[in-house]
Amino acid sequence: EDSYSLYPHSLQSLDDMCASIVRSHRETSQYRVEELQVLRWKLYSREEIQVYQSKSVDEMWQHCASRLTDAVQYVVEFAKQIPGFRTLSQNDQIALLKTGSMEVVLVRMSRFFNAENNSVFFDGKFAGVEVFKSLACGDLITAVFDFAHGMCALKLSEQQIALFSALVLINADRPCLEDRGRVQRAQRSLEFGLRHILHRDNQESLMHKLNQRMAVLRSLCSLHMEKLQWFSQHYPLTAHILFPPLYKELFASEAELPMIPK
Ligand SMILES: CCN1C(=O)COc2cc(N(CC(F)(F)F)S(=O)(=O)c3ccc(C)c(C)c3)ccc21
């Protein structure tokens, strides 16, 4: 039967919830899609690409890690405004951000992707895969670009991206949650919201595709963690000393950083 009857959601409160999440998404999205539209043909010149390619591996990783940390800070602001996130314990909030923030960054990054020339917004211009050569993780970059392509193909609205991003974060299947039930209730409510706007947009078929995208996100983030482990072993000082503290807090588990005492 119609699952609306399972939850005491009045349509009004569902609309209000969706509207508040979309507002939070807009306020914390780091760049507006409209702003980037005008930049979409601002590409790096051969010389500028050369500068990026001549950076050392640890220099480029450090550069990207600081960009990633900036982006994650906006995701943390977004998370704090999601209904149900603030009522969670500090530990559960950290646990959800530890596994979900990179995934939301990747979802958001796909909004800054130009599928026509296979470029992504990076450092003020649109960059092709070749700009990231000195990261020495071509498979990760290819996977990131492929993911962005796949997201663009879905042609999601900002509302759909906002609800999808909230669901990527509020995921009761994440490890080390203290109050899984509370996360589950918040997740169900958000699923309801996403279904509600997909129903309204007459795009219910997207739900299945978005679930597939979530599986790809998980594999992308485990590839990122693999690369980070590889990087931390080869460039321990950069990873331990030069990476932003938030990056280490979220992405590098204690196991990887045994060499430098606290
Ligand atoms: C190396 C760790 N890493 C990944 O494994 C996966 O994605 C990332 C993204 C970002 N940035 C996007 C953000 F700023 F939104 F975070 S980026 O420095 O602008 C950038 C944009 C685009 C690409 C292809 C890369 C490779 C980087 C930073 C780090 C990672």
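Reading guide: rules and limits
- Residues numbered from 1 in each chain as written.
- Predicted model: local features only at pLDDT ≥ 70, side-chain atom pairs only at ≥ 80, totals over all residues.
- Heavy atoms only, no water.
- Near = heavy atom within 4 Å.
- Areas by Shrake-Rupley, 256 points an atom, 1.4 Å probe, with all protein chains shown as cover.
- Helix = DSSP H or I, 4+ residues; strand = E, 2+ residues; numbered from the N terminus.
- Nonpolar A, V, L, I, M, F, W, Y, C, P; charged D, E, K, R; others polar.
- Phe/Tyr/Trp six-rings, centres within 6.5 Å; stacked < 30°, edge-to-face > 60°.
- Buried < 20%, exposed > 50% of the residue type's maximum accessible area, 1.4 Å probe, protein only.

Peer 1: Hey, could you run me through the site of the ligand in this one?
Peer 2: Near the ligand you find 17 residues, and of these L68, M102, F122, L140 and H224 are the closest. Coverage of the ligand by the protein chains reaches 97% of its 560 Å² of free accessible surface. Within the residue set of the shell around the ligand, elements represented by two or more residues are α4 (57-80), α5 (90-109), β2 (119-122) and α6 (138-154). Here the shell around the ligand gets 5 residues from one element, more than from any other, and that element is α4. Per-class residue counts for the shell around the ligand are 15 nonpolar, 1 polar and 1 charged.

Peer 1: Where do I start with the packing of aromatic side chains in this structure?
Peer 2: Pairs of aromatic rings are described using the distance from one ring centre to the other and the angle between the two planes. Inspection of the entire model under this criterion finds 14 aromatic pairs. Each ring, one from Y31 and one from F121, has its centre 4.9 Å from the other, and the planes form 80°; the classification is edge-to-face. Highlighted residues: Y31 in the loop between α1 (11-27) and α2 (33-39) and F121 in strand β2, separated in sequence by 90 residues. For Y31, a relative accessible area of 28% translates into the label partly exposed. Residue classification places F121 among the buried residues on the basis of a relative accessible area of 10%. Between Y44 and Y52, the ring centres sit 5.2 Å apart and the planes meet at 80°, which makes this aromatic pair edge-to-face. Like Y44, the residue Y52 is buried in the burial classification. By way of ring pairs, the aromatic residues W61, W230, F231, Y235, F243, Y247 and F251 are connected into one cluster.

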